[in-house]
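# Structural features, examined
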Amino acid sequence: MECAAKGSGTRCTGLATRPCARCGAVSYCSLSHQIAHWSQHKHECDRLEQQMESVHLLNDFPFTFSREATLQVCVKQESRCSFLSKRGLHQVGMWMNECSCWTSYDSFECSRLNNGWDLPRPESLLSEQLHSWRDYYKWRCIPLHSPVALLLHWPLTIFHAAQLLGITTLNPEVSDKLYIHYLGPEKELLQLAIFGELLALFPGVHIHIELVGPAIPPQRDGEKIRISKYACCNKDECACKLASENVNLGTQTSITSALTLKLWRGFYHDRYRDIVKDSSPHLVIAPNGGIAAYSSWLPSIELIEKINLPAVFTDYCEEACHLAASCIKTITGRSLRMPVQINPFRQPLAVEDSVLLLPCYSNCFLFGM
């Protein structure tokens, strides 16, 4: 990891091997850098110490590969690439964007809808809330050794955010249509087929997702993508392919869903008027938003506050969410409506080379305004 004092003064002398003895969340390359950085670090040290106490909760997943994907990645006994390589998924289809060695978001050619895996129809319609990955895997009849959660955290995070806001198929406001504004997509732009799982999570609902962000290529601005089935794969040897197919839903087979994705290049506050010409959203969601890191969020936060939309944000660690909450309070003048909390459907593969010694996961924590 990087020295916590990097860029704040003299050049670092080596690896960051001196952790703060108090919080243990940051590390330094030398004693002199640690002393020089204390004037800044002292304002966050107590808070980071409290966050470090919940590390065991962050690493708590039900999968057979959990230790390998969490603790071993954090201490560099494993890498994201080696984890995927062991499962024959390295640089394969939608999985390639989960590799540490894959850094390009320029090409959309890998986002074709046959680059996934095969999930059969659910054995039963979802009739109760899902509170964990274990609940979801049990309902979907997926074995706990399957790593599909590494990709499915995108639609499951949307579903969980909707649950927290009371947006379900039982909500008369949703009825048979659900409109979602999805802000700041990046790597998931090459994994769009994954959102097809929302068809199983919201049976009988026509879902419209407007994906808005500067990472969308100019030539794809305004493009519509329609998904009418679950993500599928032609690779019979894929570790995530289930044996059962065409599961009978009995009397419920007539219930059909549809999913439409539309791409909007630019910032939300610039494109909002165009997006809402046909409909207003039930939910605004910004996965891994990094609100405190990008000043471009300021006018979008002001817009969301002005039009009073329910908005949920996620980030990689609790500290990033705390900084984001401070920014939102500065802009809006009030605290969060939905407090910072662990996302039970965070990605179960640790982020490598985090700035903090805190474990970081994609969509790890969420909060709302």
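Per chain, residues are indexed from 1 in the order of the written sequence. Restriction of local features to residues with pLDDT of at least 70 applies here, the model being predicted, together with a cutoff of 80 or more for giving and counting side-chain atom pairs; totals for whole chains, interfaces and linings are based on all residues. Excluding hydrogens and water, the side-chain figures rest on all heavy atoms present in the structure.

An unreviewed UniProt entry lists the protein under the name MYND-type domain-containing protein, with Lupinus angustifolius as the source organism.

### Observations concerning the sheet that holds strand β3 (residues 177-183)
Worth spelling out the cut-off: Strands qualify as paired when DSSP identifies two bridges or more between them. In DSSP terms, a helix is any run of H or I states spanning at least four residues, a strand is any run of E spanning at least two, and both are numbered starting from the N terminus. As a rule, the C-alpha atoms of each element are fitted with a line to give its axis, helices using only the stretch in contact, and angles between N-to-C directions run from 0 to 180 degrees. In this analysis, two residues are considered to be in contact whenever any of their non-hydrogen atoms come within 4.5 Å of each other.
Taken in spatial order, the eight strands make up an open sheet running β5-β6-β4-β3-β7-β8-β10-β9, and their pairing is mixed. Single-partner strands in this sheet number two, and they are β5 (224-227) and β9 (338-342). Mean inter-strand twist for the sheet, computed between neighbouring axes without regard to direction, equals 20°. Bridging between β3 and strand β4 (residues 206-213) involves seven bridges; their strand directions are parallel. Paired with His181 across the bridge in β4 is Glu210. Strand contacts of helix α8 (residues 149-164): β3, β4, β7 (283-286), β8 (311-315), β9 and β10 (365-368), with the helix running at about 135° to β7, the strand carrying the most contacts.

### Re the packing of helix α7 (residues 133-140) against α8
For any two helices packed against each other, one specifies the inter-axial angle together with the distance between the axes. Note the following rule: An angle counts as roughly parallel when it lies under 35 degrees, as roughly antiparallel when it exceeds 145, as roughly perpendicular when it falls between 65 and 115, and as oblique in every other case. Here the nonpolar group is Ala, Val, Leu, Ile, Met, Phe, Trp, Tyr, Cys and Pro; Asp, Glu, Lys and Arg are the charged ones; every other residue, Gly included, is treated as polar.
Where α7 contacts α8, the two axes come as close as 12 Å, and the packing angle between them is 100°. Overall, the two elements α7 and α8 adopt an arrangement that is roughly perpendicular. Where α7 approaches α8, its residues Trp133, Tyr136 and Tyr137 are matched on the opposing element by Ala149, Leu152, His153 and Leu156. Per-class residue counts for the contact of α7 with α8 are six nonpolar, one polar and no charged.

### Some remarks on the environment of Gly368
Put simply, the rule reads: Type-normalised accessible area, obtained with a 1.4 Å probe on protein chains alone, sets the label of each residue: buried when under 20%, exposed when over 50%, and partly exposed for intermediate values.
With respect to the helices and strands, Gly368 occurs in strand β10. Residue Gly368 is classed as buried on the basis of its relative accessible area, which comes to 2%. Here Gly368 is in contact with Ala311, Val312, Leu336, Arg337 and Met338, once residues within four sequence places are set aside.

### Topic: the nonpolar core
Defined as follows: For the purposes of this section, nonpolar cores are sets of buried Ala, Val, Leu, Ile, Met, Phe, Trp, Tyr and Cys residues that join through side-chain atoms within 4.5 Å.
Among the nonpolar cores identified, the biggest contains 88 residues, and Trp133, Tyr136, Phe195, Leu201, Ile209, Tyr268 and Phe313 are the most heavily contacted of them. The greatest single-element share of this core, amounting to 10 residues, is contributed by α8. Setting aside chain neighbours within four positions, we find Ile209 in contact with Ile158, Ile180, Tyr182, Phe195, Leu198, Leu259, Thr260, Leu261 and Lys262. One finds Cys20, Ala25, Cys317 and Cys360 within the second-largest nonpolar core, a separate group that totals 17 residues.

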